[in-house]
Amino acid sequence: MENSLPLPLPLHTCHVHSFSILVNRSHALLHFTALASLIFYRASFLFTRTNPILPWLLVFAAEFLLSLMWTLGQAYRWRLVSRTVYPERLPSDDKLPGIDVFICTVDPDKEPTVDVMNTVLSAMALDYPPEKLHVYLSDDGGSPITLQGMKEAWRFALWWLPFCRRYDVKTRCPKAFFGGSDEDLHQDLRSPEFFKERKNIKEKYENFKEAIIRAKEDSNLYGNAKSSTPRDHPSVVEVIEEHPEDSPQENQVKMPLLVYVAREKRPSHPHHFKAGALNVLLRVSALLSNSPYLLVLDCDMYCNDPTSARQAMCFHFDPTFSSSLGFVQFPQRFHNNSQKDVYDSEIRYIFSFIPLIQMAWNGFDGLRGPILSGSNFYIKRKALCSGSRPEGINLEEVKSTFGPSNEFIKSLQDHKHNLMINERNSMEVAKVLASCAYEDETKWGEKACFLYHSLVEDVFTGFTLHCKGWRSVYLNPRRPQFLGTGITSLNDRLVQGTRWAAGCAEICFSRFSPLIYGPQQRMSLLQTMGYAEVTFIPLLYSTSVWCFATIPQLCLLNGIPLYPEVSSPYFSVFLFIFLSALFKHLYEVLTDGRPIRTWRNEQRIWMIQSVTCQLYGTLDAVMKLLGLREASFMPTNKVMDGEQMTRYEKGVIDFQASTMFVAPLATIAIVNVASLVGGIIRMVIVGDWRRMLGQVLLSCYILVMNYAIIEAMVIRKDKGRIPLNVTLLSVAFSVIFLSFGSIILIMSEMAF
Ligand SMILES: O=c1ccn([C@@H]2O[C@H](COP(=O)(O)OP(=O)(O)O[C@H]3O[C@H](CO)[C@@H](O)[C@H](O)[C@H]3O)[C@@H](O)[C@H]2O)c(=O)[nH]1
Ligand SMILES: [Mn+2]
């Protein structure tokens, strides 16, 4: 069947980036040769040394681990592609399939209701036939404010949607549209009526916002006697539909289906965070609309371009690969990234839009598709719900996987429109599907649909889809299709990083570890390597960076050389590897049109994350493995604090973060300063600089890159500095480390 009917004009094209590929592969060859000689040098000198073996082995291990990471990372530099779509070539609207949009929210304090509703509105306003669009909001907080917000959003949408359609508005998130800087205003074609109506709608938007804020204030006043809490509430499923008299008539405005879902939560039942919420939406939506495609959005990720659905359909409509296509992933980009993004909250290396050098997800796309990234993807319902349901399997087995609901099982078999919405008992069935006991003794989250095994449910679910043979594609058009709220504080960054690291490490330590599970499932070598790199990051970066940040310094202070002498040819090998890695990164940043500052920021945040959140995440995963700790998902804060925001805009790191995060940074900085000063004094006295130069350079590099930490300890006076007590604590840690370390070194030297 496939390939038999080629379309006259392609719906999409794929561009292979030959120049980047050439650069990457040549660099990989050179760098790899140097790494091989480094390992040869270390291995061959292993048995002939007279120095203490322990530090030597430690740095060798660190070098080996970093080399391994680098090698695995070449997988997604191997074949870079980018894609272009031609939605105007899609068949007519009546042939388009239905889409269910899933939006998740959990905490109305950290995720302001007005912003969540803006996301809802932007999804309702997608440029897609409204009768084929169904928007579901999962409210894990079970908060009456959010339900109220949905009703207000619906009322406002009765005005907003016709306005967007009539004037072909590009930015359909009202907050962004009224925020000012919008191309919609600059179009010369805009008529006076447009501006008149805009004013009118803006008024309605202000009323909508006020209504939500008022509802929130009222609930703060009267809501003390709460019968339900975010962790303990019954299920609520409500289709929002209401046509107030003063709004346009029902038959005049076609509206998508809008459904509010708060699943039941009980302290006795694990709720599995976002993956649990998505699975409930999968079930409830199967009952009400059962669309073959789903769009998943975080509550802060609004649709910035209404055409994303049609763009995604360009792939799903291509007969040559639609049958194996699991999902279309769009990047996560953010509306509030500063030019001096000190926390790299845009995650440039994965998502940046770069015409010349394409980034990690483009590299994965050249293999069998990008990693599922939590939000902004159009996924096929069948990809999530099949696989665990081979054809011909008996009903009992299907029920043991998907639970007892006959209505749900029926929806699996019939992917056509299965609108139960008008049936009287449908809401009752929906509530059962959203109850927390429904998944008891089923395979939900274990084998079926969004998986619970890891805190990064997205990476893990996507990985198993790829293992089952589904492919994905990545689309990164110039105009961001979705925009979210990026992180603006160090603490938020590291809290989020700890969760991601724990999730990746969980995969790494399990039987699903890509290097083992991938080949078992016949995943290609390069794709396996790519996934392995991602899940190894926490363990391998934390151990190796901690090593590099402390062991050579301790040895420098004690006059123990760890690197070849300057005159040895191997010294140049080390120097080459160091510079080659730095310059490759610098090249990638500069060809992206970014300043050198971005390079420094990324190097620095890599080191900061490696010694903090990557370590804590790894420990979290180990403790979970040992049964000492339960997984927890602390949602990222989406409220912007004014003062913090100002510092972020200025590119100044805000160290008002947990001591657990700041103390390791300060300790490492102090250890490096002390060792460098002590080591240089010692070198001058003894005169052995040729043997110690490698270590001196390493320390200098760490200190230059992390000057901001020293500045925050000794120079800064603002609120974002490192507090004195944390500095003192770090001094104590450094003294302990350097003195105990020196004793161990001396003792092991004597033992030789
Ligand atoms: O118990 C929970 C916890 C979170 N969420 C929602 O999950 C989404 C993502 O949570 P957020 O706090 O924004 O976490 P981030 O770290 O910013 O999210 C990234 O990382 C997650 C995995 O850790 C992915 O699911 C996300 O898509 C990805 O954007 C938000 O809409 C939350 O409302 C729930 O619905 N229930
Ligand atoms: Mn988020």
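Not measured: the values here are computed from a predicted model.

J.: Before we go on, may I ask you to explain the UniProt feature "active site" (unreviewed entry) in the chain in this structure?
T.: UniProt's feature table lists "active site" (unreviewed entry) at Asp140 and Asp458, given in the numbering used throughout. Position of aspartate 140 among the secondary structure elements: in the loop between strand E4 (133–139) and helix H4 (144–166). Its relative accessible area of 5% is what places aspartate 140 among the buried residues. Each residue touching aspartate 140, except ones within four places of it in the same chain, is listed here: Thr105, Val106, Pro230, His233, Arg263, Lys265, Phe273 and Ala277. Among the secondary structure elements, aspartate 458 is positioned in helix H16 (residues 457–467). Excluding its chain neighbours within four sequence positions, the residues that come into contact with aspartate 458 are Leu372, Ser373 and Gly374. Among the polar contacts made by the side chain of aspartate 458, one reaches the main-chain amide nitrogen of glycine 374 at a distance of 3.2 Å.

J.: Looking at this structure, how should I read the sheet that holds strand E5 (residues 236–239)?
T.: Strands belonging to one sheet form pairs held by backbone hydrogen bonds; the direction of such a pair is parallel or antiparallel. Spatial strand order, E5-E6-E4-E3-E7-E11-E9-E12: eight strands in an open sheet with mixed pairing. Bordering the open sheet on either side are E5 and strand E12 (471–474), each of which pairs with just one other strand. Each neighbouring strand pair of the sheet contributes to a mean axis angle of 20°, computed without reference to strand direction. Relative to strand E11 (residues 377–380), strand E9 (residues 325–329) runs antiparallel, the two sharing three bridges. Paired with phenylalanine 327 across the bridge in E11 is isoleucine 379.

J.: Help me understand the site of ligand 1 in this model?
T.: Looking at ligand 1, there are 23 residues lining it, with Asp140, Asp298, Glu457, Arg499 and Thr636 nearest. Within the contact set of ligand 1, an oxygen atom lies 2.6 Å away from a backbone nitrogen or oxygen of threonine 636. Isolated, ligand 1 exposes 680 Å² of accessible area, and the fraction of that covered by the protein chains is 96%. Looking at the shell around ligand 1 element by element, the count peaks at three residues for helix H17 (residues 490–509). Among the residues making up the shell around ligand 1, the classes are represented as eight nonpolar, seven polar and eight charged.

J.: It is not clear to me how the packing of helix H24 (residues 659–686) against helix H26 (residues 707–714) should be interpreted in this structure. Could you clarify?
T.: Axes are the key here: two packed helices are described by the angle between their axes and the distance separating the axes. Two elements in contact, H24 and H26, have axes whose closest approach is 10 Å; the angle formed by their N-to-C orientations is 100°. When the interaxial angle is binned, H24 and H26 end up roughly perpendicular. On the side of H24, the interface is formed by Leu665, Ala666, Ala669, Ile670 and Val673, while H26 contributes Ile709, Ile710 and Met713. Residues of the contact of H24 with H26, tallied by class, amount to eight nonpolar, no polar and no charged.

J.: Looking at this structure, I do not really get the pairing of E9. What am I missing?
T.: Each regular strand shows side chains that alternate between the opposite faces of the sheet. Within E9, five of the five residues are buried, which leaves it mostly tucked inside the rest of the structure. With four bridges connecting them, E9 and E12 associate as parallel partners. Bridge pairing in E12 places phenylalanine 327 opposite serine 472.

J.: What am I meant to see in the pairing of strand E2 (residues 81–85) here?
T.: Among the five residues of E2, four are classified as buried, and the element is accordingly described as predominantly covered. As paired strands, strand E1 (residues 12–16) and E2 are joined by five bridges and run antiparallel to one another. If you follow valine 16 over to E2, its bridge partner there is valine 81.

J.: How should I be thinking about the confidence of the model for the chain in this particular structure?
T.: Note that predicted coordinates carrying low pLDDT should not be read in detail. Confidence in the prediction for the chain averages 91 pLDDT; 93% of positions are at 70 or higher. Interface predicted TM-score (ipTM) for the complex: 0.99; the corresponding pTM is 0.95.

J.: Just to check I follow, could you spell out the nonpolar core for this structure?
T.: Note on soluble globular proteins: their nonpolar side chains tend to be buried together. The biggest cluster of nonpolar side chains holds 66 residues, and the ones touching the most others in it are Ile99, Met124, Trp160 and Tyr378. The element that contributes the greatest number of residues to this core is H4, accounting for eleven residues. Residues Val239, Val259, Leu384 and Val398 belong to the second largest nonpolar core, which totals 44 residues.

J.: What am I meant to see in the UniProt feature "transmembrane region" (unreviewed entry) in the chain here?
T.: Mapped onto this numbering, the UniProt entry annotates "transmembrane region" (unreviewed entry) at residues 28–47, 53–73, 660–686, 692–710 and 722–747. With 100% helix and 0% strand, residues 660–686 has its two end C-alpha atoms placed 39 Å apart. Span residues 692–710 is 95% helix and 0% strand, its end C-alpha atoms 24 Å apart.

J.: What's the story with helix H14 (residues 406–413) in this structure? I'm lost.
T.: When we look at burial in H14, the residues that qualify are Phe408, Ile409, Ser411 and Leu412. Down the axis of H14, the buried side of the element spans an arc of 155°, and every buried residue falls inside it. The exposed set on the far side of H14, more than 90 degrees from its buried face, consists of Lys410 and Gln413. The secondary structure elements touched by the buried residues of H14 are helix H8 (273–288), helix H12 (381–385), helix H13 (395–402) and helix H15 (426–433).

Each value, and the rule that gives it
Every residue gets a number counted from 1 within its own chain, in the order that chain's sequence is written. Think of it this way: whatever chain is written first is A, whatever ligand is written first is 1, and the rest follow in order. At least 70 in pLDDT is required for a residue's local features to be given in this predicted model, at least 80 for side-chain atom pairs to be given and counted, and no such filter applies to totals for whole chains, interfaces and linings, which use all residues. Note that water and hydrogens are dropped before the side-chain values are worked out from all heavy atoms of the structure. UniProt positions are given in the numbering used here, feature names are shortened, and annotations may be inferred rather than shown by experiment. Strands are runs of DSSP state E lasting at least two residues, helices are runs of H or I lasting at least four, and both sets are numbered from the N terminus onward. Using a 1.4 Å probe on the protein chains alone, a residue whose accessible area is under 20% of its type maximum counts as buried, one over 50% counts as exposed, and one in between counts as partly exposed. Note on contacts: a residue pair qualifies if any of its non-hydrogen atoms lie within 4.5 Å across the two residues. Polar contacts, as counted here, are pairs of nitrogen or oxygen atoms within 3.5 Å of one another; within protein the pair requires one atom able to donate a hydrogen and one able to accept it, and residues that are adjacent in sequence qualify only if both atoms are side-chain atoms. If DSSP finds at least two bridges between two strands, the strands pair. To get an axis, a line is fitted to the C-alpha atoms, and for a helix only the part in contact is used. The angle between two axes follows their N-to-C directions and goes from 0 to 180 degrees. Proximity is defined per residue: if any heavy atom of the residue lies within 4 Å of a molecule or strand, that residue is considered near it. Here the accessible surface of atoms and residues is derived via Shrake-Rupley with a 1.4 Å probe, and residues count as covered only by protein chains that are part of the display. Charged means Asp, Glu, Lys or Arg here, nonpolar means Ala, Val, Leu, Ile, Met, Phe, Trp, Tyr, Cys or Pro, and polar covers whatever is left, Gly included. Comment on the angle field: the value is read as roughly parallel under 35 degrees, roughly antiparallel over 145, roughly perpendicular from 65 to 115, and oblique elsewhere. On a scale of 0 to 100, pLDDT captures the predictor's confidence in every residue. Working definition of a nonpolar core: buried Ala, Val, Leu, Ile, Met, Phe, Trp, Tyr and Cys residues. They are joined through side-chain atoms within 4.5 Å. Think of the arc as the fan of directions from the helix axis to the C-beta atoms.

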